[in-house]
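Descriptive structure summary
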Amino acid sequence: MLLDALGYGSKDIDWYLGNITDGQHREFLGLSSPVGIIYNPANTTPKAPISANSAIYPDMGWATMRDNWNKNATMLAVKSGLTWNHAHADAASFILFHKGSDIIGEVGRCWYKLPEYRNYFFQSEAHNVVLFDGKGQPRHRQYHSSPIAGNVSNLIDTLGIRYVLADATGPNSDRFNRYLRSFLWIDDIILVIDDLASHEEGSYQWLWHPIGTTVKKGVDLDIRNGKAHVVLRQLYPETLAPSDFIHDYPSNMTWEIHNAPGEDNKGDQPYYSFHLPKRHDRVKGVHSSLIRRASQRSNAARVTVGSESESSHTVKLQMSISTSLPTDGLCT
């Protein structure tokens, strides 16, 4: 808004301002304020931007990928940079928007003076990251910074394939000697692929912050928010135990539901953690899949997890092959 008022505006900026609600970002420049009345542009351009669908900002450690610029578009945003002050302890975290709604996100924010901000909202536990022995990035980094920043790189967006690599080894170097997270988006499937190694054996926990209504169905988390519907499945090294009788599935991953403060510290916002049953000093492979309802196109991507005659640790990404996923395990 200030750039536009100073003469650095563009049709893309006008389009953006025309698609946010008044005061959405709490910048105190809404139309209800005298300064906001002056700075708000007289006209906004409803036409969608002509910008690329994917962008990377290495200096900030941000990357975004989307399928289009329509209001019901799907967008994946990845962050892995410096941790300090406003830059939370969220290296290699991500958020997913689908059909105009947050669907996998983070809790949000509250006033900085509240203890919940420094003890939770800022910390790794409030983001979609991997913990080691229940701990994320050192908690004091909020004001002392991370000595080594994370980074995002290798952005690809071509022929229906989108990819970006997040390296969070630096911000987590007290516990990890390798923390690489790849995001691979093909057609209606988004894969999050982790390559992790720690200084010693311990327990790895994957955190997921679904937004909306979440129900565990078999090995999946079924997430719905407004018109958005996404199914989250842990693919490798193991799926979630398909029922609450986890003693019947000793090799499968287990899960916990945690209650945490909600947006503006109002109410509770539950989140999930997935756990391996054994301790490890390294874990590789495809850990999760975010799946939208596949279209009727014959070249839609599918994921199968081996077969009865193959090792259960074999993961295949195949084109034009019947899926082993249940038909209700997709989303609209």
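Before going into details, it helps to say that this report is about the structure given with it. (Residues numbered from 1 in each chain as written. Predicted model: local features only at pLDDT ≥ 70, side-chain atom pairs only at ≥ 80, totals over all residues. Heavy atoms only, no water.)

Next up on the list: the overall build of the protein chain. Secondary structure summary: the protein chain contains 5 helices and 19 strands in total. By the burial criterion, 46% of the 332 residues in the protein chain qualify as buried. The contacts in the protein chain between residues at least 6 apart in sequence include a share of 57% that link residues at least 24 apart. For the protein chain, the exposed area adds up to about 16,900 Å²; of that, 54% sits on carbon and sulfur atoms. (Helix = DSSP H or I, 4+ residues; strand = E, 2+ residues; numbered from the N terminus. Buried < 20%, exposed > 50% of the residue type's maximum accessible area, 1.4 Å probe, protein only. Contact = heavy atoms within 4.5 Å. Areas by Shrake-Rupley, 256 points an atom, 1.4 Å probe, with all protein chains shown as cover.)

Applying the stated criterion to the full structure yields 8 aromatic pairs. Ring geometry for Phe132 and Tyr204: centres 5.4 Å apart, planes at 75°, overall edge-to-face. Separated by 72 residues along the polypeptide, Phe132 in strand E6 (residues 130-132) and Tyr204 in strand E11 (residues 204-208) bring together distant segments of the chain. This pair shows no difference in class: Phe132 is buried, exactly as Tyr204 is. Ring geometry for Trp208 against Phe274: centres 6.1 Å apart, planes inclined by 45°, an arrangement best described as tilted. Linking Trp208 in strand E11 with Phe274 in strand E16 (residues 271-275), this pair joins segments that are 66 residues apart in sequence. Judged by its relative accessible area of 2%, Trp208 falls in the buried class. Phe274 sits in the buried class, given a relative accessible area of 0%. (Phe/Tyr/Trp six-rings, centres within 6.5 Å; stacked < 30°, edge-to-face > 60°.)

What follows is about unusual backbone geometry. Tyr236 connects to Pro237 through a cis peptide bond whose omega is 15°. By the secondary structure assignment, Pro237 is in the loop between strand E14 (228-233) and strand E15 (254-258). One non-glycine residue, Ala92, lies in the positive phi region at around 70°. Given a relative accessible area of 0%, Ala92 falls into the buried group. With a phi close to 55°, Leu159 is a non-glycine residue in the positive phi region. Structurally, Leu159 is set in the loop between strand E7 (151-158) and strand E8 (161-167). For Leu159, a relative accessible area of 83% puts it in the exposed group.

This part takes up the sheet that holds strand E1 (residues 54-57). Spatially, 5 strands are ordered E1-E2-E3-E4-E5 in an open sheet, and the strand pairing comes out antiparallel. Every interior strand has two partners, whereas the edge strands, E1 and strand E5 (101-104), have only one. Direction aside, neighbouring strands of the sheet carry axes that sit 20° apart on average. Across 6 bridges, the pairing between strand E3 (residues 74-79) and strand E4 (residues 93-98) is antiparallel. Along E4, the bridge assignment pairs Val78 with Phe94. (Pairing = 2+ DSSP bridges. Axes fitted to C-alpha atoms, helices over the stretch in contact; angles between N-to-C directions.)

This brings us to the side chain of Asn128. Along the chain, the position of Asn128 falls in the loop between helix H4 (115-121) and E6. Among the polar contacts listed, one links the side chain of Asn128 to the backbone nitrogen of His209, at a separation of 2.7 Å. In contact with Asn128, not counting residues within four places along its chain, are Ala92, Ser93, Phe94, Ile104, Gly105, Arg181, Leu207, Trp208 and His209. (Polar contact = N/O pair within 3.5 Å; in protein donor to acceptor, adjacent residues only side chain to side chain.)

Turning to the pattern of salt bridges, a few remarks are in order. Under the definition given, this model contains 9 salt bridges. In this structure, Arg279 engages Asp133 in a salt bridge whose closest nitrogen and oxygen atoms are separated by 3.7 Å. Remark: Asp133 occurs in the loop between E6 and helix H5 (141-144) and Arg279 occurs in the loop between E16 and strand E17 (280-291); sequence separation between them is 146 residues. The partly exposed category is assigned to Asp133, whose relative accessible area is 34%. The residue Asp174 makes a salt bridge to Arg175 at a minimum N-O spacing of 3.0 Å. The class for Asp174 is partly exposed, based on a relative accessible area of 37%. You can call Arg175 buried: its relative accessible area is 19%. (Salt bridge = Lys/Arg side-chain N within 4 Å of Asp/Glu carboxyl O.)

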